[in-house]
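# Coordinates in review
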Amino acid sequence: MGDILKDCARGRHQLHRLPADDRGGYPDTIFGGGEMSGTNDPHTGLTRRSFLKTTGLVAGATALAGGATPAMHALAAESGTANGDSGEKVMPGRCYFGGCFSCNYNVTVRDGRAVKVSPDPDALFGRRPCLKGYSLPQRMYSQERIKYPMKRIGERGQNQWERISWEEAIATITEKWKGYIDQYGGQSILVSTGSSGARFTVSGASRLENILQFTNVEMCADWAVYHGLQRVYGNPATGIMTAPGNEPFEEDIFNAKTVFMWGNNLSETYTQRWRYLMEAQEQGARIISIDPNETTVSAHADEWYTVRPGSDPALMLSMVQEIIAEGLQDTAYLKRDTVGPFLVRDDTKEFLRMSDLGVEPTEGPVNATTKKPTMIDPPVVWDAASGKEMSSAESTDPELEGSWTVGGFKVKTAYSLMVESVQEYKPEDVADIVDMSADDIRRLARLAVDGPVSHMFGLGSQAYDNGLQFGSGLGLLLAVTGMVGKPGAGVQATAFMGMRNASFLFPTGTFTTTIPVLHLPEVMETGTFKGKDYPPFKALYIRGSALVGGRPDKNKIIAEIIDKMEFIVCLDVAFTDSALYSDIVLPAAHYYEVEDVYGATLSYHVQHGPKIVEPAFEAKPDLQVAKLLAEGLGIGAYFEGDDESWLREQLNFPALAAQGITLDALREKKDMRYIPAGVGYADGKYYTPTGKVEFYCEKPLPRVDLGLDLDVAPERLPRFYPPYEAWPGTEAMKKYPLILIPEHSRGRFHTGGFDGVWLNEIERGPIVRMNPDDAKARGIEDGDDVEVYNDRGNGVARAVLDAGKRPGMLQYPKGLQGRQYKSGDLASLCSLHMDPFAVNSSFGDTCVEVRKWDGGNE
Ligand SMILES: Nc1nc2c(c(=O)[nH]1)N[C@H]1C(S)=C(S)[C@@H](COP(=O)(O)OP(=O)(O)OC[C@H]3O[C@@H](n4cnc5c(=O)[nH]c(N)nc54)[C@H](O)[C@@H]3O)O[C@H]1N2
Ligand SMILES: Nc1nc2c(c(=O)[nH]1)N[C@H]1C(S)=C(S)[C@@H](COP(=O)(O)OP(=O)(O)OC[C@H]3O[C@@H](n4cnc5c(=O)[nH]c(N)nc54)[C@H](O)[C@@H]3O)O[C@H]1N2
Ligand code: SF4
Ligand SMILES: [Mo]
């Protein structure tokens, strides 16, 4: 096996032609060029300037790539992990970037410190770790690691800290929390977690917050399409992100003839899957990319269609219209598996049921949650053979189309209503909306029936206010084409969240309140939630979350949430913007520093990672921090165990036990599948209220009940409505004519990895990609510093001219911290606006203007 790290280092030197004192002028240590002279750096105890004088080079990479500077050795030695453990060994390590693959690879441990990552050819997952995995050792001993507990000494956000002991930190926090809990109740303390919570040592720590009844802040990301799809197809394991595809992807993708890639940049964002897709293509699968921008995916695709941003639901419905107009729909599937034949009452728009015709409902099986029998009241269909109405449970040949009067009710089939609704999306009528030719739309319609067809979607199609309609529209397209439940067909979903042991997490049996971050400012302003008074929020615990900078409208989050908190604590591995705005900062243990179990992979596997080094500096795993806090609060009895016993307890639940999944088994096998392959769907079983594919939804529910008064009528069938602001003619766009979309950057996982050195060396700070024509019109040249701005904020980035970007669209690799900008932060530009049914962030529904930066606002 080649020496990957050295190879990468060689590549890095090729790229790295800047003089050591010029990192493109970026102002903070992350790029090594410091203007923050005299600032006391809590991380090292050195001032920035003296640190830089000692190193003269970018932190991290050099040390670990073998060419360490004395200061880098000093930092790594200071990490305290060596502990006399000398020599070199290779250990199995696990990467846990939330929602990725948790690649299992080899980690070289030298003198008690992780120094190098290399592939494990026998690993079940991630035989080709990505840049993020390779750079983990850099991050563990980076300047940006939170090393010790610290307390703020200057104003919030001023970045002045004093190192304190764990004892002092815990005593301060618990005293404050006790006061708030006594006076206002546990709900007055907000806790914000993020995608790192898929690890048991991280999610398990919510046991404390649940006992104390803290209010959870939900992050509102990725849910729009899932909610739309689940409205149509249901969810085989309620609460998790899944969609009707076949598992495992790595095998099933080879069964597909056609693969639609909707707004998805798989080669950068799911690199492990990308190689299977490329292999499938080599074996004959045809890849269709639908993306306004040129990406690696569209470059490799067999056909690439540029769609107007935010118009995908219209395109999808136009394809459905065309498929039906040409008679290409899968009638047998529609009749057998969907609500298509169900008769819909004209008066209520709900299904006509046997009880409407005087047939009493019967008792069904007992519902596991309510412990009451379910009531069976089948919808009515029009039976073709007998030429009359009949219970859907009895008819074997229902009519799919038609309208009748039954039992005095005017009715029409759900299918007929759907067909009527898509008539306004004829290719000619939609061409302008989607900015494609009618012929291209027709071609896509034909490809969508040339099966087996797999669909993959990304953030692109749910980056706008109408993302839910993309999801329900995709559900409809699957239903009309019958592309579900057979090999190679369906939605190859891109994220799962699953597996929680409720008795471990909620030992007192009381559940907590969750408030979506998009709705939180309103709750804070009105003091009410779901129409009832809610306790005032006094404190915030940010535990592994990019609450500041990783949610829309950073400035508003700071002004309306952060600034209103009396006391903020942040527990993280790296010094993020969330840490910057906190009062007490605590160091969390990194991936290799604690034995862990992971239950949120793309593959329905539970995975195990051993502890391979001691926590660096004074870091502690989240659950151990919870234990200290619990002890300080006098409820230590709930945390009597240790890392190992907590893992055992969390794994101890029937669904896992039945499959022999225990900590010991995991230690041996590393990866164990916990949901059988081909879950749901394949057997024609759908997890909806009617048990059928509900492209017509009787009672559309919001993803999260916020107690809002919602008009459900327009939600029953998928539809297109334009994005909230990123659409020609909106007030926002008249003022700010460009659309700014994020890019999930290949070298970072969200903000995770802002401290990883390799990608930073390539990008050299915030960049914004733009079409050369847009640049020219504004006098911007490649490499210029530009200010991107709107009413919500601004951010200065280096312009990267890229003819592959759609004119009128800017794109930025997201995830840097505010202090990595010369001014502002691109994360301040998107809005907290939400579709109340999806309750999801629309990161791309953002209008901006851009100009050459004049160096102001520093
Ligand atoms: N390296 C890396 N990988 C990651 C992550 C990360 O941060 N870094 N994050 C993970 C997570 S949580 C997520 S949610 C995923 C996101 O994974 P992706 O969705 O693959 O990531 P994006 O970079 O947001 O890519 C979105 C694509 O949508 C396109 N797009 C924009 N607007 C539209 C539109 O209106 N219609 C269509 N059809 N396309 C549009 C953009 O041009 C872009 O190519 O990545 C996961 N994987
Ligand atoms: N502008 C913009 N913002 C976006 C998006 C976008 O496209 N544009 N995408 C959004 C999407 S799709 C998503 S899924 C979200 C993700 O949002 P988050 O999950 O909140 O984002 P991360 O930056 O991954 O934050 C996780 C934090 O956990 C920390 N961490 C890692 N391990 C541990 C640990 O063991 N313990 C503790 N305590 N902390 C740990 C990491 O250092 C990091 O600071 O971001 C969203 N934000
Ligand atoms: S980020 Fe994902 S693909 Fe990359 S090494 Fe980690 S788990 Fe593997
Ligand atoms: Mo995400």
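What you see is a predicted model, and the numbers here were worked out from it, not measured in a lab.

### So, the overall build of the chain
When you go through the chain residue by residue, the secondary structure sums to 31 helices and 34 strands. Looking at the chain as a whole, 62% of its 858 residues are labelled buried. Taking as baseline every contact in the chain between residues at least 6 positions apart, the subset at least 24 positions apart corresponds to 73%. Of the roughly 31100 Å² of accessible surface on the chain, 49% is carried by carbon and sulfur atoms.

### Examining the site of ligand 3
As a structural note, the neighbourhood of ligand 3 is formed by Cys-95, Phe-97, Cys-100, Phe-101, Ser-102, Cys-103, Pro-129, Cys-130, Lys-132, Gly-133, Thr-271 and Gln-272. Every element with two or more residues in the shell around ligand 3 is listed here: α5 (131–134) and α13 (271–282). For the shell around ligand 3, a count of residues per class yields seven nonpolar, four polar and one charged.

### A short note on the site of ligand 1
Around ligand 1, a shell composed of 31 residues is seen, among which Asn-265, Asp-291, Asp-312, Leu-459 and Arg-748 lie nearest. At 3.0 Å from an oxygen atom of ligand 1 is found a side-chain nitrogen or oxygen belonging to Asn-293. With respect to ligand 1, the backbone of Gly-310 contributes an N or O atom lying 2.7 Å from an oxygen atom. Tallied by class, residues from the shell around ligand 1 come to 10 nonpolar, 13 polar and eight charged.

### Quick word on the environment of Lys-692
Looking at the element boundaries, Lys-692 is found in the loop between β28 (671–673) and α29 (731–735). Assessed through its relative accessible area of 25%, Lys-692 is described here as partly exposed. When the C-alpha atoms of Lys-692 and Leu-334 are compared, they prove to be 9.7 Å apart, with 358 residues separating the residues in sequence. When residues no more than four places from it in sequence are discounted, the contact partners of Lys-692 are Val-232, Arg-336, Asp-337, Thr-338, Val-339, Phe-342 and Tyr-686.

### With respect to the packing of aromatic side chains
With the rule as written, the count across this model stands at 23 aromatic pairs. Between the aromatic rings of Phe-97 and Tyr-591, the centroid separation amounts to 5.8 Å while the plane-to-plane angle is 90 degrees, which identifies the pairing as edge-to-face. You can see Phe-97 sitting in the loop between β1 (88–94) and β2 (104–110) and its partner Tyr-591 sitting in the loop between β25 (584–587) and β26 (596–598), a full 494 residues away along the chain. The class of Phe-97 is buried, set by a relative accessible area of 5%. Of the residues examined, Tyr-591 reaches a relative accessible area of 9% and is grouped as buried.

### Section: the side chain of Glu-698
Mapped onto the elements, Glu-698 comes out in the loop between β28 and α29. Beyond its immediate chain neighbours, meaning those up to four positions away, Glu-698 contacts Glu-350, Phe-351, Arg-353 and Arg-716.

### Concerning the pattern of salt bridges
Applying the stated criterion across every chain, the model contains 52 salt bridges. Across the pair Lys-412 and Glu-420 runs a salt bridge whose closest N-O atoms are separated by 2.7 Å. By sharing partners, the salt bridges in this structure join Glu-322, Glu-326, Glu-428, Asp-439, Arg-442 and Arg-446 into a single network.

### Here we look at the sheet that holds strand β30 (residues 767–770)
Pairing is mixed around the closed barrel formed by six strands, whose spatial order is β29-β33-β30-β32-β31-β34. Sheet twist, expressed as the mean angle between neighbouring strand axes with direction ignored, is 45 degrees.

### A look at unusual backbone geometry
Cis geometry marks the peptide bond from Gly-451 to Pro-452, where omega comes out at 5 degrees. Along the chain, the position of Pro-452 falls in the loop between α19 (438–447) and β18 (453–457). Here Asp-222, not a glycine, exhibits a phi torsion of approximately 75 degrees, which is positive. The backbone of Asp-435 sits at a positive phi, close to 55 degrees, despite the residue not being glycine. Tracing the sequence through the fold places Asp-435 in the loop between α18 (427–434) and α19. For Asp-435, a relative accessible area of 39% translates into the label partly exposed.

Quick notes on the rules
Residue indices follow the written sequence of each chain, beginning from 1 at its first position. Whichever chain is written first becomes A and whichever ligand is written first becomes 1, with later ones labelled in order. Restriction of local features to residues with pLDDT of at least 70 applies here, the model being predicted, together with a cutoff of 80 or more for giving and counting side-chain atom pairs; totals for whole chains, interfaces and linings are based on all residues. Side-chain descriptors were evaluated using all non-hydrogen atoms of the structure, hydrogens and water having been removed beforehand. Note on conventions: DSSP H or I runs of at least 4 residues are helices, E runs of at least 2 residues are strands, and numbering of each starts at the N terminus. A 1.4 Å probe rolled over the protein chains alone gives each residue an accessible area, and that area as a share of the maximum for its type sets the label: buried under 20%, exposed over 50%, partly exposed in between. Whether two residues are in contact is decided by their heavy atoms: any pair within 4.5 Å suffices. Only the protein chains shown count as covering a residue, and every accessible area follows the Shrake-Rupley method with a 1.4 Å probe. Being near a molecule or strand, for a residue, means having at least one of its heavy atoms within 4 Å of it. Three categories are distinguished: nonpolar for Ala, Val, Leu, Ile, Met, Phe, Trp, Tyr, Cys and Pro, charged for Asp, Glu, Lys and Arg, and polar for the others, with Gly belonging to the last. Distance and chemistry together define a polar contact, namely a pair of N or O atoms within 3.5 Å, with one atom able to donate a hydrogen and the other to accept it when in protein, and with adjacent residues in sequence counting only for side-chain atoms on both sides. What counts as a ring pair is set by centres within 6.5 Å for rings of Phe, Tyr and Trp (its six-membered ring), and what kind of pair is set by the plane angle: stacked under 30 degrees, edge-to-face over 60, tilted for all other angles. A side-chain nitrogen of Lys or Arg and a carboxyl oxygen of Asp or Glu constitute a salt bridge if their distance falls within 4 Å. When DSSP finds two or more bridges between a pair of strands, those strands are recorded as paired. Axes here mean lines fitted to C-alpha atoms, for a helix over just the part in contact, with angles spanning 0 to 180 degrees between N-to-C directions.

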